[in-house]
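For reference, the chains in residue letters:
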Amino acid sequence: MDNQCRRWITLALALPILFVSLALAGAEVEEIGKQPVEIDFRSGGILKMDLCSSGAKIVGVDKDRLRVAYDSKKDMSRVSVRVKASGSEAMVEIDNCPHEDFHITIEVPRTTELYIRMAAGQLDIDDVTGSKDLKMHAGEMNVELGKTEDYASVEASVMTGEVDAPPYKVNKGGLFRSFERKGPGRYRLSAHVGAGQLSLH
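**Side note on unusual backbone geometry**
- Of note, the bond from Gln-35 into Pro-36 is cis; its omega dihedral lies within 30 degrees of zero at -5 degrees.
- Summarising the element assignment, Pro-36 is placed in the loop between strand E1 (27-32) and strand E2 (37-40).
- One non-glycine residue, Lys-169, lies in positive phi territory at about 55 degrees.
- Relative to the elements of secondary structure, Lys-169 occurs in the loop between strand E11 (151-165) and strand E12 (170-182).
- One non-glycine residue, Phe-176, lies in the positive phi region at around 50 degrees.
- The topology assignment puts Phe-176 in strand E12.
- On the basis of relative accessibility, which here comes to 64%, the residue Phe-176 falls in the exposed class.

Following this line, the structure appears as structure tokens:
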């Protein structure tokens, strides 16, 4: 066997390992002051987000992708967006946001499990099916539930403020307000606001 033949055999053996390594590494996009930021992400995955204080809207779409866009009347040149996807998991981190008048729109596959942490502002979640773990220090959180029968458990609370959940006939305000419900579904919802308003509809 000559040297060139050996090289071809070595390459053939190495390619599957290379492809597996690339698949495990996934894809990552990071932009500063540029948008929108997009990356492929299939439906049914888990998405973790760390969001700066803002007005943020998470909306489900019929596409296997994540798309992050933002706008503000303030200087946005330092806004940093990092989006990473690997297999069934993805993450979004947004930093250096203007301190006021900053709005984020994040499009996700319609069926996505959400894990979101946000400092303050307004968080709206629309048309996203799946389990949700949501926490905000202060502000307003609005979550579209979809079908209540899709949930195995629902936990919602505020340290000070108001919890409003018409589908469960719950409306209460004051200090340390919360409610829990069990159901026949497979999804779980845990939503908490430190100070402000939490609405499930």
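**Notes on the environment of Lys-135**
- Among the secondary structure elements, Lys-135 is positioned in strand E10 (residues 132-143).
- Setting aside its immediate chain neighbours within four residues, Lys-135 contacts Ile-116, Arg-117, Met-118, Met-141 and His-192.

Reading guide: rules and limits
Residues numbered from 1 in each chain as written. Predicted model: local features only at pLDDT ≥ 70, side-chain atom pairs only at ≥ 80, totals over all residues. Heavy atoms only, no water. Helix = DSSP H or I, 4+ residues; strand = E, 2+ residues; numbered from the N terminus. Buried < 20%, exposed > 50% of the residue type's maximum accessible area, 1.4 Å probe, protein only. Contact = heavy atoms within 4.5 Å.

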